[in-house]
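Summary of the model geometry
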Amino acid sequence: MPELPEVETIVRGLDRRVAGDTVESVWIGSRKQPLKSPASVIAATLEGKRILRVRRAGKHIVFDLEGRAKPKKSRRTEGPTAQWIVHLGMTGRMVVCEPAAEVEKHTHLIAKIGSGRELRFIDPRMFGKLSVHLRSESGGFDPGGVEPLEVTEEQFVKLFRGRKTPIKSALLNQKLLRGVGNIYADESLFRAGIRPRRRAVTITREQLGKLHRAVQEVLREAIALGGSSISDYVDADGEEGFFQLQHRVYGREGEPCLVCGRPIRRLVLAGRSSHYCPKCQK
Ligand SMILES: [Zn+2]
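Anyway, here's the lowdown on the structure attached to this text. No experiment lies behind these values; they were computed from the predicted model shown.

What the rule picks out here adds up to 19 salt bridges. A salt bridge links Arg213 to Glu153; its shortest N-O distance comes to 3.7 Å. Taken together, the residues span a long stretch of sequence, with Arg213 in helix H7 (residues 205–227) and Glu153 in helix H4 (residues 153–160) at a distance of 60 residues. Glu221 serves as the salt-bridge partner of Arg191, at 3.0 Å between the closest nitrogen and oxygen. With Arg191 in helix H6 (residues 182–192) and Glu221 in helix H7, the pair connects residues that are 30 residues apart, well separated along the chain. A relative accessible area of 16% means that Arg191 is categorised as buried. Connected via shared salt-bridge partners are Glu8, Arg12, Arg56, Asp142, Glu147 and Arg178.

This part covers the sheet that holds strand E2 (residues 50–57). Taken in spatial order, the four strands make up an open sheet running E2-E3-E4-E8, and their pairing is antiparallel. The strands lining the two open edges of the sheet, one partner per strand, are E2 and strand E8 (129–134). For this sheet, the mean inter-axis angle between neighbouring strands, taken without regard to orientation, is 20°. Where strand E4 (residues 82–87) and E8 come together, six bridges link them in antiparallel fashion. Paired with His87 across the bridge in E8 is Lys129. On the sheet, helix H1 (residues 4–18) packs against E2 and strand E3 (60–66) and is oriented at approximately 170° with respect to E2. Along the sheet, helix H2 (residues 39–46) contacts E3, E4 and E8; its crossing angle with E8, the most-contacted strand, is approximately 60°.

This next bit is on the sheet that holds strand E1 (residues 23–28). Across the sheet, four strands lie side by side as E1-E6-E7-E5; this open sheet has antiparallel pairing. The open sheet has two free edges, formed respectively by E1 and strand E5 (93–97), since each of these has just one partner strand. Adjacent strand axes in the sheet meet at a mean angle of 15° when their direction is disregarded. Each of E5, strand E6 (107–113) and strand E7 (118–122) is contacted by H1, which is oriented at about 30° to E5, the strand it contacts most. In the packing of H2 onto the sheet, contacts are made with E1 and E6, and the angle to E1 comes to roughly 165°.

The rules we used
- Residues numbered from 1 in each chain as written.
- Predicted model: local features only at pLDDT ≥ 70, side-chain atom pairs only at ≥ 80, totals over all residues.
- Heavy atoms only, no water.
- Salt bridge = Lys/Arg side-chain N within 4 Å of Asp/Glu carboxyl O.
- Helix = DSSP H or I, 4+ residues; strand = E, 2+ residues; numbered from the N terminus.
- Buried < 20%, exposed > 50% of the residue type's maximum accessible area, 1.4 Å probe, protein only.
- Pairing = 2+ DSSP bridges.
- Axes fitted to C-alpha atoms, helices over the stretch in contact; angles between N-to-C directions.
- Contact = heavy atoms within 4.5 Å.

Right under this line is the structure:
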């Protein structure tokens, strides 16, 4: 499942390839599961629009769209007029390719763009989501929560301080921080020296500051690593690509801690695996 750093990497690749392009026509497959807006509304919203930019909001891909392909000079639009929102779910991919490229099984949407290429959404398991938002209707797409790479230390402390839930659950709560997934939550807690089950209310101000730095450090490192594999992911078949951050705890149950040598432990918290070092984390 793509996590925030992977989505950021994908978004940068897409932005570089399609920003400024106009969507000429859209084909949408017959499967309804990925469509969170009606197919006809998605097609009508995308067709003729110019892609201003592609950006990330939490784990969502946001295409900011502008006006018609040839806007009337008298009605200059300012900023995006609509947004196309894509969530990749478990297995979703966005591919930019030549029209001659074979249409893969499980392709749910194909957008022909001005440069002559196509933007395709492929998702075998269909946990991904496609929707559109009209600016005038809703004031734009808001996934809720605070962006973890933008949150200040003070905001971060405010979000978590005093909560009675385990800190790991709070980190995964998308209404607080948006886009921090299981792997990066475990890795951040390890770097901050805090056990996943520890209740947020028992964590000192200083430790929360350390956790804030750890979350941003882990995400930034992963994005930096992903940056060199953008082209693989977006252009080719997408299965390969990311140079993953070397996990220090995630998925390493029973293996020695890279700091102290104790075996890494795993526990299940709210149905998700959590990995931690019993010595380095308190
Ligand atoms: Zn350790």
